[in-house]
Amino acid sequence: HRNSNMGDAVDNEEIKRLIPIVNKLQDAFATMGSTPIDLPQIAVVGGQSSGKSSVLENIVGKSFLPRGSGIVTRRPLVLQLYNSQEEYGEFLHHPNKKWYDFEEICQEIERDTDRVCGSNKNLKNQPINLRVYSPDVLNLTLIDLPGATKVAVGDQPKDIGKQIRNMIMSYASKPNCLILAVTAANTDLANSDAIEIAKEVDPQGKRTLGVLTKLDLMDRGTDARGIFTGEDTNLPNLALGYVGVVNRSQADINERKGIASAREGEMQYFSMHPSYSDIQDKLGTAYLVKKCSQMLLKHIQSVLPQLSSDLNKVIAQKEKEMADMGEIANPKRSRADITQAILKFSDRFCRSIDGKLDPDGPSLTRELTGGARIEGIFHDVFAPAIGDIDILEQLGADEVQTLIRNVSGLGGSLFIPNSAFVALVTQNIQRLEDPSLQCVQLAYSEVLNIVSMISHNMPQVDKYPALKSTIVEAANQILRENYEPCNKLTSVMVAMERNRVNMAHPDFIGHRDNFGEFTQQVEEEAAQGPPPPPAKTLQRTIVKEGHANKKGGNAIVLWQKRYLIMKKDGTLNYYRHMGDPEPAGVIYVPGCIVERADAMVGKRCSFQIYHPAGNIGKTFFFQLQNEQEANDWVQCLKEECAKEPEVEDDDPNADNNLLPGIAAPAADEDFDQIPATRQRGLTDRIHAAIHENLGMREKVECEILFRLLHSYFEIVKKNIADQVPKAISLKLINKVKEELCARLLMEIDSEDKVKQLSAVSDEVKLKFEKTKGTLQLLHESQAILRDLSFSTV
């Protein structure tokens with residue numbers, strides 16, 4: 001009984017014009033590894049015992065699907081049927097081989113499934129594309145999906161139900177996918193997996209065709225006639241309706257009963273059944289195939305304009321890829337291609353540094369690129385590191401007095417000697433050199449990173465491995481040649497600040513135009529006595545406190561002396577000096593990890609604290625005076641990390657929602673603010689020491705000197721933070737911009753070098769041939785679709 005009798009010649013001829021085009025597109029996209037267009041297709045959905053495989057085999061007229069217990073279908077099977085005089089099968093992964101034995105086709109499906117998914121029960125969404133040519137089929141394409149299940153059986157993965165459902169939904173949820181919902185009629189139809197999925201993705205039932213199997217196994221006295229005629233409203237109303245079929249039984253399969261005799265038995269069953277005999281022309285596999293063919297044809301016709309438009313976009317994209325890859329096998333084009341690639345790369349590098357938009361470059365909204373990344377080093381890393389250096393950090397009133405007396409020599413002096421101020425300033429300016437040189441190194445690495453990223457994202461360069469390596473090496477060579485000069489210039493700028501202290505700087509509070517008023521104000525404040533002491537953190541909120549050296553949270557590596565206070569609210573506060581009203585930063589400890597880090601930082605008595613999620617917060621390192629202190633802090637912090645913070649009822653910080661590990665300015669609720677006129681940018685520690693231990697003259701001297709030091713050092717830090725990035729831009733970045741193109745063009749001064757640089761990688765050759773074949777398929781499909789757009793199919 002041949003399928004050719006199922007539909008009239010007109011229907012078949014029309015379908016022959018459309019469905020093979022969609023099949024070609026499916027093959028092209030399978031070769032590409034992606035599906036950029038939502039193609040019209042029919043997905044076969046059903047539970048593991050619904051008879052889905054038997055329906056497909058009845059449609060083809062051959063036994064070719066693997067069978068067994070548990071999960072048999074572990075990959076989508078794209079089944080493309082072609083009406084042909086010859087009968088055989090072809091796999092897309094074996095394009096030049098014809099398979100005449102359908103038992104071998106079954107074995108190949110199993111082998112390729114194991115090859116991609118492994119021999120266990122894993123699933124993969126990579127489809128198997130199988131073409132079947134036969135005189136017993138109509139042109140039709142069906143996608144066989146794994147049978148839905150909710151409970152894992154045997155050695156199946158525990159989440160197998162979720163895996164299968166996700167795979168089914170990836171097809172069924174697409175608007176252009178028609179659904180063949182297969183359900184066994186002898187089960188509870190209200191709990192059908194296929195109907196449930198169809199209702200979810202197609203609630204109005206416009207693109208779902210219901211298929212009821214095992215009608216011959218329904219309980220005696222029951223039938224499904226009402227479902228086929230629309231009289232039964234227990235199942236969802238489907239616009240495409242329901243079709244009933246009778247498949248081979250398991251005994252028939254075991255006895256290897258042929259499909260043809262099974263089809264004859266199916267038609268005999270319907271013709272003799274009292275409930276189905278008058279509607280038998282709307283039942284059976286033959287009608288199902290015709291229904292599917294007409295359904296798919298009509299759907300393709302409805303989406304033809306959009307399909308053609310989407311195809312044009314894909315072709316344009318592929319043609320651009322081909323143009324970017326150039327003429328790989330044409331030696332006459334080699335020098336021109338290499339020259340063009342060098343010029344385009346140099347232009348893109350310069351545009352990337354200057355922040356000019358490049359339509360062919362990476363997304364400008366996803367992350368920082370090019371010059372913005374280097375500016376991030378200057379602004380977000382280097383400038384804060386310089387600003388964090390405090391000239392008064394390790395300076396006390398007693399040290400200042402000792403210095404003043406030493407530089408005054410025999411007999412003393414009436415005024416503060418300039419040499420005391422100059423000695424302290426120049427000594428601390430030297431501390432700015434190390435972070436400045438580290439900034440040069442960071443910029444060096446980032447320029448190389450930008451060169452590498454651009455070369456990787458340019459197909460014109462990426463296809464030539466030797467050229468790509470030459471570009472990176474040329475940039476590296478230019479950077480190496482200018483690295484030491486840039487370092488020297490940076491050190492010279494620090495030395496310039498150190499070797500001439502400009503006391504006439506207009507922003508300096510010691511400038512002669514400001515000095516008289518400034519000293520008078522200091523003398524008046526000194527006569528008033530010490531400032532009011534700040535309110536101390538309540539002892540009942542403190543878990544542990546003490547001094548430690550700290551570094552972390554910055555690419556500029558600096559160890560800084562800090563005073564730590566671990567509070568009961570779960571925050572580790574670190575201060576520049578003991579007694580400061582405001583912490584320099586806060587680490588929210590719960591959820592963090594604390595461990596010793598002696599080997600990591602190269603210092604004994606060290607530990608680190610960080611949050612396990614790398615994108616939350618930062619890593620901080622601390623070094624203590626001895627092993628006992630380090631171990632005590634580690635033990636204390638581990639206990640705090642493991643428990644919820646204790647927030648007291650009267651603690652105004654209860655609403656502070658810092659994320660774990662985030663360093664942030666602490667709230668000021670535990671401190672009384674000191675009047676701005678008394679702070680002057682200095683710490684409480686200095687004020688207290690001045691008024692506690694010194695006489696009136698010494699008080700005035702120290703206060704004046706402290707303020708002069710702070711004022712001038714802030715000017716120097718601003719100069720360095722401004723000048724070092726300019727030096728790096730001049731000596732490193734601009735050198736690469738100016739010299740890279742000329743340096744690379746010198747590399748193609750001979751035919752041998754051109755030949756060497758234009759050698760294409762095997763990977764690019766394969767991609768070129770693959771893209772070329774895909775583009776040819778797309779053009780063929782486009783031409784036929786264009787013709788069909790003007791026809792009256």
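About the criteria used
Residues numbered from 1 in each chain as written. Predicted model: local features only at pLDDT ≥ 70, side-chain atom pairs only at ≥ 80, totals over all residues. Heavy atoms only, no water. Helix = DSSP H or I, 4+ residues; strand = E, 2+ residues; numbered from the N terminus. Buried < 20%, exposed > 50% of the residue type's maximum accessible area, 1.4 Å probe, protein only. Contact = heavy atoms within 4.5 Å. Salt bridge = Lys/Arg side-chain N within 4 Å of Asp/Glu carboxyl O. Core = buried A, V, L, I, M, F, W, Y, C linked by side-chain atoms within 4.5 Å. Phe/Tyr/Trp six-rings, centres within 6.5 Å; stacked < 30°, edge-to-face > 60°. Lys NZ or Arg CZ within 6 Å of the ring centre and 35° of its normal. Pairing = 2+ DSSP bridges. Axes fitted to C-alpha atoms, helices over the stretch in contact; angles between N-to-C directions. Parallel < 35°, antiparallel > 145°, perpendicular 65-115°, else oblique. Left-handed = near helix turned anticlockwise from the far one by under 90°. Disulfide = S-S within 2.5 Å. Polar contact = N/O pair within 3.5 Å; in protein donor to acceptor, adjacent residues only side chain to side chain. pLDDT = per-residue confidence, 0-100.

Draft legend 1. Geometry of the overall build of the chain. Helix and strand counts for the chain come out as 24 helices and 17 strands. Scored against the burial criterion, the 793 residues of the chain give a buried share of 49%. Restricting to contacts in the chain with at least 6 residues of sequence separation, those with at least 24 account for 74%.

Draft legend 2. Region of interest: the pattern of salt bridges. Applying the stated criterion to the full structure yields 19 salt bridges. Notably, a salt bridge pairs Glu446 with Arg373, separated by 2.7 Å at the nearest N-O pair. Of this pair, Glu446 sits in helix α14 (residues 433-457) while Arg373 sits in helix α11 (residues 371-387), and the two are 73 residues apart along the sequence. Several salt bridges converge on common partners, so that one network encompasses Arg75, Asp112 and Arg115.

Draft legend 3. Spotlight on the nonpolar core. Within the largest apolar cluster, 63 residues are counted, with the highest numbers of intra-cluster contacts made by Phe345, Phe349, Phe421, Ile720, Ile728 and Leu740. Broken down by secondary-structure element, the contributors of at least two residues to this core are α10 (334-354), α11, α13 (418-429), α14, α16 (465-499), α22 (696-745) and α23 (751-757). Tallying contributions element by element places α22 first for this core, with 18 residues. When residues no more than four places from it in sequence are discounted, the contact partners of Leu740 are Phe345, Ile471, Ala474, Ala475, Ile478 and Lys735.

Draft legend 4. Region of interest: the packing of aromatic side chains. As enumerated under the stated definition, the model contains 12 aromatic pairs in all. Measuring from centroid to centroid gives 6.4 Å for Tyr269 and Tyr276, while their planes differ by 45°, and the two rings are tilted. A relative accessible area of 21% means that Tyr269 is categorised as partly exposed. For Tyr276, a relative accessible area of 1% translates into the label buried. Taking the centre distance of 5.8 Å and the plane angle of 80° together, the rings of Phe270 and Tyr276 count as edge-to-face. Each member of the pair, Phe270 together with Tyr276, is buried. Through pairs of rings, three or more aromatic residues link up here, namely Tyr82, Tyr88, Tyr100 and Tyr133. One residue, Lys98, lies across the ring of Tyr88, its end atom 4.6 Å from the ring centre. Over the ring of Tyr171 we find Lys174; its NZ or CZ atom is 5.7 Å from the centre of that ring.

Draft legend 5. Looking closely at the side chain of Ser436. Tracing the chain through its elements places Ser436 in helix α14. Each residue touching Ser436, except ones within four places of it in the same chain, is listed here: Phe382, Ile386, Thr490, Val494, Ile720 and Val724.

Draft legend 6. Looking closely at the pairing of strand β7 (residues 177-184). With respect to burial, β7 is a largely interior element, 8 of its 8 residues being buried. Residues of β7 alternate between two faces, with Cys177, Ile179, Ala181 and Thr183 on one and Leu178, Leu180, Val182 and Ala184 on the opposite face, all of them buried. Bridge count between strand β1 (residues 41-46) and β7: 6 bridges; the pairing is parallel. Bridge pairing links Ile42 to Leu178 in β7. Pairing between β7 and strand β8 (residues 208-213): 6 bridges, direction parallel. In the sheet register, Leu180 faces β8, and the bridge partner there is Leu209.

Draft legend 7. Spotlight on unusual backbone geometry. A positive phi angle, near 55°, is found at Lys214, a position not held by glycine. Within the secondary structure, Lys214 is located in the loop between β8 and α6 (225-229). Even without glycine at this site, Cys605 takes up a positive phi of about 60°. Tracing the backbone through its elements, the reader meets Cys605 in the loop between α18 (598-601) and β15 (606-610).

Draft legend 8. Layout of the packing of α10 against α14. Taken N-terminus to C-terminus, the directions of α10 and α14 make an angle of 130°; their axes are 10 Å apart at the nearest point. Taken as axis vectors, α10 and α14 run oblique relative to one another. For the pair α10 and α14, the crossing hand works out as right-handed. Judged by residue contacts, Phe345, Arg348, Phe349, Ser352 and Ile353 of α10 engage Val447, Ile450, Val451, Ile454, Ser455 and Asn457 from α14.

Draft legend 9. Examining the state of the cysteines more closely. Under the defined criterion, the tally for this structure stands at 0 disulfides. With no disulfide of its own, Cys486 lies closest to Cys439 among cysteine sulfurs, the gap being 8.8 Å.

Draft legend 10. Just helix α5 (residues 193-201), in detail. Taken together, the buried positions of α5 are occupied by Asp193, Ala194, Ile195, Ile197, Ala198 and Val201. Along its buried surface, α5 packs onto β1, α4 (160-172), β7, β8 and β9 (242-244). Where α5 begins, the side chain of Ser192 points an oxygen toward the backbone nitrogen of Ala194, at a separation of 3.4 Å.

Draft legend 11. Here's a closer look at the environment of Gly241. Turning to its location among the elements, Gly241 is positioned in the loop between α6 and β9. Each C-alpha atom, one on Gly241 and one on Gly205, is 8.9 Å from the other, the two residues being 36 residues apart in sequence. The contact partners of Gly241, leaving out residues within four places of it in the chain, are Thr208, Leu209 and Gly210.

Draft legend 12. Region of interest: the confidence of the model for the chain. Averaged over every residue, the pLDDT of the chain is 76; the share at 70 or more is 74%. Scored below 50 in pLDDT, residues 1-12 makes 17 contacts in the model with residues more than four places away or belonging to other chains. Of the regions scoring below 50 in pLDDT, residues 645-683 engages in 83 contacts with residues more than four places distant in sequence or in other chains.

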